[in-house]
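Commentary on secondary and tertiary structure
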Amino acid sequence: MIDNHEAKLAPLKNFILPGGTPKAAAFHLARTVCRRAERAVVTLSRNEKINPAVIHYLNRLSDLLFVLARAVNAQARRPDVTW
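Residues numbered from 1 in each chain as written. Predicted model: local features only at pLDDT ≥ 70, side-chain atom pairs only at ≥ 80, totals over all residues. Heavy atoms only, no water.

Let us look at the overall build of the protein chain. In terms of helices and strands, the protein chain carries 3 helices and 2 strands. Starting at the N terminus and ending at the C terminus, the protein chain contains elements arranged as α-β-α-α-β. Its C-alpha atoms give the protein chain principal-axis dimensions of roughly 45 × 20 × 20 Å. When the 83 residues of the protein chain are sorted by exposure, 28% land in the buried category. Of all intrachain contacts in the protein chain linking residues separated by at least 6 positions in sequence, the fraction that spans at least 24 positions is 78%. Looking at the protein chain as shown, the accessible area adds up to about 6000 Å², and 59% of this sits on carbon and sulfur atoms. Across the protein chain, the 13 positively charged side chains and the 6 negatively charged ones have centroids separated by 6 Å. (Helix = DSSP H or I, 4+ residues; strand = E, 2+ residues; numbered from the N terminus. Buried < 20%, exposed > 50% of the residue type's maximum accessible area, 1.4 Å probe, protein only. Contact = heavy atoms within 4.5 Å. Areas by Shrake-Rupley, 256 points an atom, 1.4 Å probe, with all protein chains shown as cover. Lys, Arg positive; Asp, Glu negative; His and termini not counted. Charge placed at Lys NZ, Arg CZ, Asp CG, Glu CD.)

Structure follows, in structure tokens:
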């Protein structure tokens, strides 16, 4: 799914700031929550046995949410906000 959406987007050359359409902003917000969960699981894994697939899944999910935010902005003809 990431590859499919990313193939339709302009290549990244700059850092992207969150924002754009309300839907894109929601995807960016979801991504920050996902990244927070990933960091919490990594911290937990220092003391508890964690299935490594959980960390991998959260990382890929945050990638997907980022691409979806860019895709919905592109569909709405809203440019990425670059840093």
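Here the narrative resumes, following the displayed structure.
A separate point is empty space enclosed by the protein. A probe matching the size of a water molecule, rolled over the atoms, marks out where space remains unfilled. The tally for this structure, following the rule as stated, stands at 1 cavity of 30 Å³ or more. By volume, the largest cavity is sized at about 30 Å³. Listing elements by their share of the lining of the largest cavity, those giving two or more residues are strand E1 (16-17) and helix H3 (52-75). Residues belonging to the lining of the largest cavity are distributed by class as follows: 4 nonpolar, 4 polar and 2 charged. (1 Å grid on protein atoms, 1.4 Å probe; cavity = no way out; pocket = protein on both sides within 12 Å on 5 of 7 lines; lining within 4 Å. Points joined across faces, edges and corners; volume = space filled by probe spheres on them. Nonpolar A, V, L, I, M, F, W, Y, C, P; charged D, E, K, R; others polar.)

Another aspect to go through is the packing of helix H2 (residues 22-45) against H3. Interaxial distance between H2 and H3 falls to 8 Å at its minimum, and their mutual angle equals 165°. The angle between the axes of H2 and H3 places the two elements in the roughly antiparallel class. Considering only the axes of H2 and H3, their crossing is left-handed. Partitioned by chemical class, the residues of the contact of H2 with H3 number 16 nonpolar, 5 polar and 4 charged. (Axes fitted to C-alpha atoms, helices over the stretch in contact; angles between N-to-C directions. Parallel < 35°, antiparallel > 145°, perpendicular 65-115°, else oblique. Left-handed = near helix turned anticlockwise from the far one by under 90°.)

Turning our eyes to something else, we now look at the side chain of Glu-38. The residue Glu-38 is located in helix H2 in this model. In this structure the side chain of Glu-38 is engaged in a polar contact, spanning 3.2 Å, whose partner is the side chain of Asn-59. When sequence neighbours within four positions are dropped, the list of residues in contact with Glu-38 reads Ile-55, Leu-58, Asn-59 and Ser-62. (Polar contact = N/O pair within 3.5 Å; in protein donor to acceptor, adjacent residues only side chain to side chain.)

A word on the packing of aromatic side chains. Overall, the coordinates contain 1 aromatic pair when judged by the stated rule. Ring plane angle 85° and centroid distance 6.1 Å describe the contact between Phe-15 and Trp-83, whose orientation is recorded as edge-to-face. Of this pair, Phe-15 sits in the loop between helix H1 (2-6) and E1 while Trp-83 sits in the segment after strand E2 (81-82); the two residues are 68 residues apart in sequence, bridging distant segments of the chain. Considered together, Phe-15 and Trp-83 belong to a single accessibility category, that of exposed residues. (Phe/Tyr/Trp six-rings, centres within 6.5 Å; stacked < 30°, edge-to-face > 60°.)

All right, on to the nonpolar core then. Generally speaking, soluble globular proteins have nonpolar side chains that are buried together. With 5 residues, the main nonpolar core is built from Ile-2, Leu-9, Leu-64, Val-67 and Leu-68. If you tally residues by element for this core, the top one is H3, at 3 residues. The contact partners of Ile-2, leaving out residues within four places of it in the chain, are Arg-60, Asp-63, Leu-64 and Val-67. (Core = buried A, V, L, I, M, F, W, Y, C linked by side-chain atoms within 4.5 Å.)

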